[in-house]
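Architecture and fold: a report
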Amino acid sequence: YNKRDEIGRFIKGFNTMRDHLKQSIAKQQLYEKNRKELIATISHDLRTPLQSIKGYVEGINDGIVQNEEMKKRYLHVILSKTNQLNRLIDDLFEFSKIDLDQLVMEKQLVSSDECFTNILQDAEVDLKQKQVQLVVKRPIPDVVINIDPKRMEQVFTNLLDNAIRYGASEIEITFAVNVHKMTLEIYIIDNGDGIAEEDTERIFEHFYRGEKSRSRDHGGTGLGLAIVKSIIKAHEGEVWAESKIGQGSKFVIVIPVKLEVTYIYTGSKPD
Ligand code: ADP
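The structure contained in this document is the topic of the report that follows.

Reading guide: rules and limits
Counting from 1, residues in each chain are numbered in the order their sequence is written. Residues qualify for local features only when their pLDDT is at least 70, as the model is predicted, and side-chain atom pairs are given and counted only at 80 or more; totals for whole chains, interfaces and linings, by contrast, use all residues. By convention in this description, side-chain values take in all heavy atoms of the structure and omit both hydrogens and water. Two strands are said to pair when DSSP picks up at least two bridges between them. Put simply, DSSP H or I for four residues or longer makes a helix, DSSP E for two residues or longer makes a strand, and each gets a number counted from the N terminus. Axis definition: a line fit to C-alpha positions, over the contact stretch in the case of helices; interaxial angles, taken between N-to-C directions, run 0 to 180 degrees. Buried residues of nine kinds, namely Ala, Val, Leu, Ile, Met, Phe, Trp, Tyr and Cys, make up a nonpolar core once their side-chain atoms join them within 4.5 Å. Buried means the residue's accessible area, taken with a 1.4 Å probe over protein chains only, is under 20% of the maximum for its type, while exposed means over 50%, and partly exposed covers the values in between. Note on contacts: a residue pair qualifies if any of its non-hydrogen atoms lie within 4.5 Å across the two residues. Rotating anticlockwise by less than a right angle from the far helix to the near helix defines a left-handed crossing, while the corresponding clockwise rotation defines a right-handed one. Note on residue classes: Ala, Val, Leu, Ile, Met, Phe, Trp, Tyr, Cys and Pro are nonpolar, Asp, Glu, Lys and Arg are charged, and everything else, Gly too, is polar. As used in this structure description, the phrase polar contact means that two N or O atoms lie within 3.5 Å; if the pair is within protein, one of them must be able to donate a hydrogen and the other to accept it, and residues adjacent in sequence are counted only when both atoms belong to side chains.

**Section: the sheet that holds strand S2 (residues 133–136)**
If you trace the five strands from one edge of the open sheet to the other, you get S2-S4-S5-S7-S6, paired in mixed fashion. Bordering the open sheet on either side are S2 and strand S6 (238–243), each of which pairs with just one other strand. On average, each strand axis in the sheet is tilted by 15° relative to the strand beside it, whichever way the strands run. Note: strand S5 (residues 183–190) against strand S7 (residues 249–256), eight bridges, orientation antiparallel. Across the sheet, the residue bridging to Glu185 is Val254, located in S7.

Put into structure tokens, the structure is as follows:
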């Protein structure tokens, strides 16, 4: 029994406790800082289109609009800014659910081919309207995956939407799926602006937007990819981007394949 050992142990324990406390305070401070930044960004993103709408409505109200064509132009801006606000609020709502861990997944076993064919079919009309060329590499492998189809559709809606918004003048999107051992790899490749290599990780942070996206007013919120990442994480999967400025972007999603299931329930009994 040694008094000095005891004091030594006491000091060590005390130091550990102090370090923990310091870490926890630092964490709390960072959280507080992020929260403040978040509120500032949201306020800014809500105020900008709202001010623009107000300006155009006042313009019409004050009789500045002299002819039909000008009126049409004013209304077009108002509608587009309203859509932007709508999108921001929708995204915020989705994002708040993610943040509160309330994103409920309704997973079911589905055929990958059927799932992606459905999603692409749903997107087709919109893509045609926007004159986007969609190249689907077939065949799409048919394996069983355990997913929430609605959430998965949201993932592709967000990715396709980005590919269009950050697209070149003639947008071409390639969609391909590969099976690699126990995982399904999904690729969405565009021929758009591309992303700075050092940004490819940060774009998945909430409210992070590329420099150009902010200044050129692409009408985004900086939440789309954060939502994508959370949904893919809830599927025990991973998502990342590979890109360089001016070379288009490639988004890769990897989700597990469920092999243990031998048939999919389609409403009728299997033989
Ligand atoms: P938003 O598009 O609303 O800004 P996202 O979270 O969807 O937010 O994307 C974050 C950022 O990533 C965008 O601001 C943009 O700079 C970049 N980005 C996303 N997808 C693409 C793409 N397909 N091509 C080029 N840049 C992209």
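**Some points on the nonpolar core**
Membership of the largest hydrophobic core comes to 50 residues, with the highest contact counts inside it found for Phe116, Val155, Phe156, Phe175 and Ile253. Among the elements that make up this core, the one with the highest residue count is helix H4 (residues 149–165) (seven residues). When neighbours within four sequence positions are excluded, Phe116 is seen to be in contact with Ile140, Ile145, Phe156, Phe175, Val177, Leu184 and Ile186.

**A few points about the packing of H4 against helix H6 (residues 224–233)**
In contact at an axis separation of 9 Å, H4 and H6 are set at 150° when each is read in the N-to-C sense. Regarding H4 and H6, the two cross each other, and that crossing is left-handed. Contact residues: Arg151, Met152, Gln154, Val155, Asn158, Leu159 and Asn162 in H4; Gly224, Leu225, Ile227, Val228, Ile231 and Ile232 in H6. Taken together, the residues of the contact of H4 with H6 break down into eight nonpolar, four polar and one charged.

**Section: the packing of helix H3 (residues 112–129) against H4**
Put simply, H3 and H4 touch, their axes get as near as 10 Å, and they point 40° apart. The handedness of the crossing between H3 and H4 comes out as right-handed. Residues Phe116, Ile119, Asp122, Ala123 and Leu127 of H3 touch H4, and the partners they reach there are Met152, Glu153, Phe156, Leu160 and Ile164. In terms of residue class, the contact of H3 with H4 is built from eight nonpolar, no polar and two charged.

**As for unusual backbone geometry**
With omega at 0°, the peptide bond leading from Arg138 into Pro139 counts as cis. Tracing the backbone shows Pro139 in the loop between S2 and strand S3 (144–147). In this structure, Gln131 is a non-glycine residue whose phi angle is positive, near 55°. By secondary structure assignment, the location of Gln131 is in the loop between H3 and S2. Even without being glycine, Glu236 reaches a positive phi, approximately 55°. Counting through the fold element by element, Glu236 comes out in the loop between H6 and S6. Look at Glu236 and you get exposed, because its relative accessible area is 55%.

**Section: the side chain of Ser249**
Structurally, Ser249 is set in strand S7. Its relative accessible area of 5% is what places Ser249 among the buried residues. Separated by 3.4 Å, the side chains of Ser249 and Ser243 make a polar contact.

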